[in-house]
Amino acid sequence: MENKSQDIPSTLGKFGEELYGQIMREESPSIKIPQRGKSNVYFDDEEKVIQLGDKFSKRHFLNVAHTKKFMQTVLVASYCRRLVEENKHAGIRELYYALKHTVEGSKENTFDDQIESNPIIEDLETALDILREELNLTADRRGYIYGDVVLKDGDDEFNASKLGRGGWAVPGTVEDIEFLDLNAEYILVIETAAMCDRLIEEKFAQGNNALLVACQGQAPRGIRRLINRLHTEKNLPVYVFTDGDPYGWYIYSTIKQGSMNLAYLSRRLGVPDAKFIGMTMDDIDEYGLQKVTEKLKDMDKKRINEIMEYEWFKHKDWQEQMKKCLKLGVRIEQQALANKSLEFVAKEYLPQKIENEVFLP
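Before going into details, it helps to say that this report is about the structure given with it. (Residues numbered from 1 in each chain as written. Predicted model: local features only at pLDDT ≥ 70, side-chain atom pairs only at ≥ 80, totals over all residues. Heavy atoms only, no water.)

**Considering the environment of K347**
Along the chain, K347 falls in helix 13 (residues 344-356). Looking at K347, the relative accessible area reads 52%, which means it is exposed. On a C-alpha basis, the gap between K347 and K203 in space is 9.8 Å, while along the polypeptide they are 144 residues apart. (Helix = DSSP H or I, 4+ residues; strand = E, 2+ residues; numbered from the N terminus. Buried < 20%, exposed > 50% of the residue type's maximum accessible area, 1.4 Å probe, protein only.)

As structure tokens, this is what we get:
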């Protein structure tokens, strides 16, 4: 991704000029867009991230099946150029409403739902090699960071350990965030806010010199980009702590290798060196948690069988964990550690695993 923000209007302008040139040459205007489906995604064994292949599709204006999406693509590109030129930002929901209207002389709406405009934004990202954030589009904040790091956001400077127990809510766009000072040895990414709150209350960050990042389910782009930047710019190791089930394990793999849906961003969002700290099926025996497991549902078993086939889960240690999960027929949540004591996760479980390097790859 080589584009700089000052080049975005030029890139979008060239996109429009290309379409204009096609029209002037009396050609059918078309837009070339990389395919983002599963069939065009692969695991790059050298870089250890999920990548997008080289398959493309063409969106033609004079094809009835393509015309609406062609129009939507041009509308979104034009709107984003205006945003960047005016140095304004808009939420992806705002973009949807700003562009939604009925086409003059017809009963056809430009957009009928946001589920139509969101993929168009991703089409532009892949087609023009521009980040959504560089198009000045934002998404809702989700997830937060807590720990001894001084951040600069616009004109504001603050320490993320001095904002109360809620930490700093990470915005959808973190490209302009500056790390002014840092006193931490690693990043601990936590699936649930409840567990992160537990660790904050137990003063885990202070006692272990850690930055805590709550992703609150599948990590949003802002969180993943922030983790990627802290890892690459500050050389901080990344440990991921999720529930012991296929959904938690996939959250980990998304942080580590990227996701299939955003394969074109894996280099900027992924952390191939990340380690998985728990929960695992081995934890059940190791910590005597047999009485606090949850029974697997059919959909859980189906999901385990699916992710077992993913190339990036082929490592024998992961295969053993998933087979064990299916054999036992149970899953284990982070909060199950409270069965030992509320302090157990902060005082024993995590410190012991980190000290003894009990990780999954």
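**Digging into the pairing of strand 13 (residues 210-214)**
In terms of residue burial, strand 13 counts as a mostly covered element, since 5 of its 5 residues are buried. Of the two faces of strand 13, the one holding A210, L212 and A214 and the one holding L211 and V213 are both buried throughout. Pairing of strand 7 (residues 144-146) with strand 13, which is carried by 3 bridges, proceeds in the antiparallel orientation. Note that in strand 13 the partner of Y146 across the bridge is L212. In this sheet, strand 13 lies alongside strand 12 (residues 186-190) in parallel orientation, the contact comprising 5 bridges. Along strand 13, the bridge assignment pairs I190 with A214. (Pairing = 2+ DSSP bridges.)

**Comments concerning the sheet that holds strand 14 (residues 238-241)**
Overall, mixed pairing links the 6 strands, which are arranged 10-7-13-12-14-15 in an open sheet. The sheet is open, and its two borders are formed by strand 10 (168-169) and strand 15 (275-278), each paired with just one other strand. Contacting strand 12, strand 14 and strand 15, helix 8 (residues 246-257) runs over the sheet at an angle of about 155° to strand 15. (Contact = heavy atoms within 4.5 Å. Axes fitted to C-alpha atoms, helices over the stretch in contact; angles between N-to-C directions.)

**Looking at the pairing of strand 1 (residues 30-34)**
Most of strand 1 sits out of view: 4 of its 5 residues are buried. Where strand 1 and strand 4 (residues 56-60) come together, 5 bridges link them in antiparallel fashion. Of the residues in strand 4, the one forming a bridge with I31 is R59.

**Section: the environment of R268**
With respect to the helices and strands, the residue R268 is situated in helix 9 (residues 266-269). C-alpha of R268 to C-alpha of N228: the two residues are 40 residues apart in sequence and 6.7 Å apart in space. Engagement of the side chain of R268 in a polar contact is seen with the side chain of E175, the distance being 3.1 Å. (Polar contact = N/O pair within 3.5 Å; in protein donor to acceptor, adjacent residues only side chain to side chain.)

**So, the state of the cysteines**
Counted by the stated rule, this structure contains 0 disulfides. Considering cysteine sulfurs only, C196 is the nearest to C215, which forms no disulfide, with 9.3 Å between them. Looking at C215, the relative accessible area reads 1%, which means it is buried. Cysteine C325 remains unbridged, with the sulfur of C215 as its closest cysteine sulfur at 19 Å. (Disulfide = S-S within 2.5 Å.)

**Brief notes about the packing of helix 3 (residues 92-99) against helix 4 (residues 114-128)**
The contact between helix 3 and helix 4 brings their axes to 9 Å, and the two run at 110°. Looking at the two axes, helix 3 sits roughly perpendicular to helix 4. Handedness of the crossing formed by helix 3 with helix 4: right-handed. Listed contacts from helix 4 to I92, R93, L95 and Y96 of helix 3 are Q114, S117, N118 and I121. (Parallel < 35°, antiparallel > 145°, perpendicular 65-115°, else oblique. Left-handed = near helix turned anticlockwise from the far one by under 90°.)

**Details of helix 11 (residues 298-308)**
Listed as buried for helix 11 are D300, R303, I304, I307 and M308. Taken around the axis of helix 11, the buried residues stretch over an arc of 135°, which confines them to a single face. Facing away from the buried side of helix 11, by more than 90 degrees, are the exposed residues D298, M299 and K302. In the core, the buried residues of helix 11 are packed alongside helix 8, strand 16 (294-295), helix 12 (316-328) and strand 17 (330-331). (Arc of directions from axis to C-beta.)

These values are about where atoms sit, not about what they do.
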